[in-house]
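# Observations on the model geometry
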Amino acid sequence: MACVDIVIPLGMEGMGWNDNELRYALRSIEKNFKDLGQVWIIGYQPSWLVNVKYVRALDPYRHNKDANLINKILLACTQDELSENFLFTSDDHFIMKPVSAEWFEKPLMDNRQAKFDRNKKLNRWQQRLARTEDACLARSCPSNCYEAHIPYMFNKKLYPHHMLQFDYGEGIGYTLASPYYNSIKPKFRLPEENTVARVNHKVKSRQELDDLVNDKMFFNYSTHAFDDIIKTFLTERFTEKSKFEA
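These notes cover the structure that comes with them. (Residues numbered from 1 in each chain as written. Predicted model: local features only at pLDDT ≥ 70, side-chain atom pairs only at ≥ 80, totals over all residues. Heavy atoms only, no water.)

## Considerations on the sheet that holds strand β8 (residues 218–221)
Applied cut-off: Two strands are counted as paired when DSSP detects at least two bridges linking them. By definition, any uninterrupted DSSP run of H or I lasting at least four residues is a helix, any uninterrupted run of E lasting at least two residues is a strand, and each is numbered from the N terminus. In this description, a line fitted to the C-alpha atoms serves as the axis of each element, helices being fitted only across the stretch in contact, and the angle between N-to-C directions of two axes falls anywhere from 0 to 180 degrees. Only heavy atoms matter for contacts: two residues are in contact if any of them lie within 4.5 Å across the pair.
With mixed pairing, the three strands of this open sheet are ordered in space as β5-β8-β7. Two strands lie at the open edges of the sheet, namely β5 (93–95) and β7 (196–199), each paired on one side alone. Strand-to-strand, the axes of this sheet are offset by a mean angle of 15°, without reference to chain direction. Across three bridges, β5 lies against β8 in antiparallel orientation. Bridge pairing in β8 places histidine 93 opposite asparagine 220. On top of the sheet, helix α6 (residues 206–213) reaches β7 and β8; it is set at about 145° to β7, its chief contact. Packing of helix α7 (residues 228–237) onto the sheet brings it into contact with β5 and β8, and relative to β8 it is tilted by some 150°.

Here's what the structure looks like:
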């Protein structure tokens, strides 16, 4: 497969930890993504970034984070230089093992995330998952969940075509990957034990974190879980400066 670009949307308010999450995410990409093309940063631009394509974008939705992200992905899709297929990822998603673009041609589907009791009080993320599922079913599409917090491959023409059919700016909005994939109905891959380490709680020790990540291909964490143990882990795991750092 030809080189595939990376699109990373960043909130205009900037990030914590001196933007180091992005620093280590980029190091993980350069080290482990075999078919790396250009890196596109959409939104906020840290001062130390070099050798990337930057497009400024604001965050008009105060209570709908995914709508801001979708807007930025749609903006990226309008860029003539962007590769036809590109990987969307976030500053807190890390590629831990070598992987080629071909792996992402089958998106990771994980319906376990959407298994919750709708009769109970749902948090905002669960509400968004439920609204996305309902919207897909209303369009006679599958209602699978493609929100595994890892890089996902989108097509720059198909993503706008399908996402613009969803009113993602209304209310709590929709998730940013499931409407697209349920519309195009791709062949997908199911999660395996060695695929993703998702840390949703504060770990008690570095050993606990090492055991969770172990031989996983991808690593990510929730805001609640982020602490000094994760900071140290990333600092020690990705020591080599990338070409994206001044």
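Read on for the rest.
## Looking at α7
Rule in force here: Under the scheme applied here, a residue whose accessible area is under 20% of the maximum for its type counts as buried, over 50% as exposed, and between as partly exposed, the area being computed with a 1.4 Å probe on protein chains only. By definition, the arc is the one covered by directions from the helix axis to the C-beta atoms. Distance and chemistry together define a polar contact, namely a pair of N or O atoms within 3.5 Å, with one atom able to donate a hydrogen and the other to accept it when in protein, and with adjacent residues in sequence counting only for side-chain atoms on both sides.
Within α7, the full set of buried residues consists of Ile230, Phe233 and Leu234. The buried residues of α7 occupy one face: seen down the axis, they fall within an arc of 95°. Buried residues along α7 sit in contact with α1 (20–32), β5, α6 and β8. With a side-chain oxygen positioned 3.2 Å from the backbone nitrogen of isoleucine 229, the residue opening α7 is aspartate 227.

## Some points on the pairing of β8
Threshold: Place the viewer so that the strands point away; then a crossover is right-handed whenever the path from the first strand over the helix to the second strand goes clockwise.
Burial along β8 is two-sided: the residues Phe218 and Asn220 and Phe219 and Tyr221 are all buried. Where β7 and β8 come together, four bridges link them in parallel fashion. When the bridges of β8 are listed, arginine 198 appears paired with asparagine 220. With respect to chirality, the unit in which β7 leads through α6 into the neighbouring parallel β8 is right-handed.

## Considerations on the sheet that holds strand β4 (residues 85–88)
Strand order in this open sheet of five strands is β3-β2-β1-β4-β6, and the pairing throughout is mixed. Two strands in the sheet have a free side with no partner beyond their single neighbour: β3 (53–56) and β6 (152–155). Within this sheet the neighbouring strands show an average axis-to-axis angle of 30°, counted without direction. Across the sheet, α1 lies against β1 (4–10) and β2 (36–43), angled at about 170° from β1, the strand it touches most.

## Quick word on the packing of α6 against α7
To be explicit about the condition: Angles below 35 degrees are treated as roughly parallel, those above 145 as roughly antiparallel, those between 65 and 115 as roughly perpendicular, and all remaining angles as oblique. Helix crossings fall into two classes, left-handed where the near helix is turned counterclockwise from the far one by less than a right angle and right-handed where it is turned clockwise.
At a minimum axis distance of 10 Å, the contact between α6 and α7 shows a crossing angle of 60°. With respect to α7, the axis of α6 lies oblique. Considering the relative orientation of α6 and α7, their crossing is right-handed. Of α7, the residues touching α6 (which contributes Arg206, Leu209, Asp210 and Val213) are Ile229, Ile230, Thr232, Phe233, Glu236 and Arg237.

## Structural notes on the packing of aromatic side chains
What counts here: Between rings of Phe, Tyr and Trp, where Trp is taken as its six-membered ring, a pair exists when centres lie within 6.5 Å; planes separated by under 30 degrees are stacked, by over 60 edge-to-face, and by other angles tilted.
In total, this model carries 22 aromatic pairs according to the counting rule given. Ring centres 5.0 Å apart and planes at 40° place the aromatic pair tyrosine 146 and tyrosine 181 in the tilted group. One end of the pair, tyrosine 146, is in the loop between α3 (124–138) and β6; the other, tyrosine 181, is in helix α5 (residues 178–184), and 35 residues separate them in sequence. A single burial state applies to tyrosine 146 and to tyrosine 181, both of which are buried. By way of ring pairs, the aromatic residues Phe86, Phe88, Tyr146, Tyr152, Phe154, Tyr159, Tyr180, Tyr181 and Phe188 are connected into one cluster.

## Some points on the pattern of salt bridges
As a reminder of what qualifies: When a carboxyl oxygen of Asp or Glu is within 4 Å of a side-chain nitrogen of Lys or Arg, the pair counts as a salt bridge.
The full count for this structure, using the stated rule, is twelve salt bridges. The salt bridge involving glutamate 245 is made with arginine 27; its shortest N-O contact spans 2.8 Å. Here the residue glutamate 245 occupies a position in the segment after α7, and arginine 27 occupies one in helix α1, the gap between them amounting to 218 residues. Overall, the relative accessible area of 7% leaves glutamate 245 in the buried class. Residue classification places arginine 27 among the buried residues on the basis of a relative accessible area of 11%. Taking the shortest distance from any N to any O, the salt bridge between glutamate 236 and arginine 206 comes out at 2.7 Å. On the criterion of sequence distance, the pair formed by glutamate 236 in helix α7 and arginine 206 in helix α6 is long-range, its members being 30 residues apart. Three or more residues are tied together by salt bridges with common partners; here these are Arg23, Arg27 and Glu245.

These values are about where atoms sit, not about what they do.
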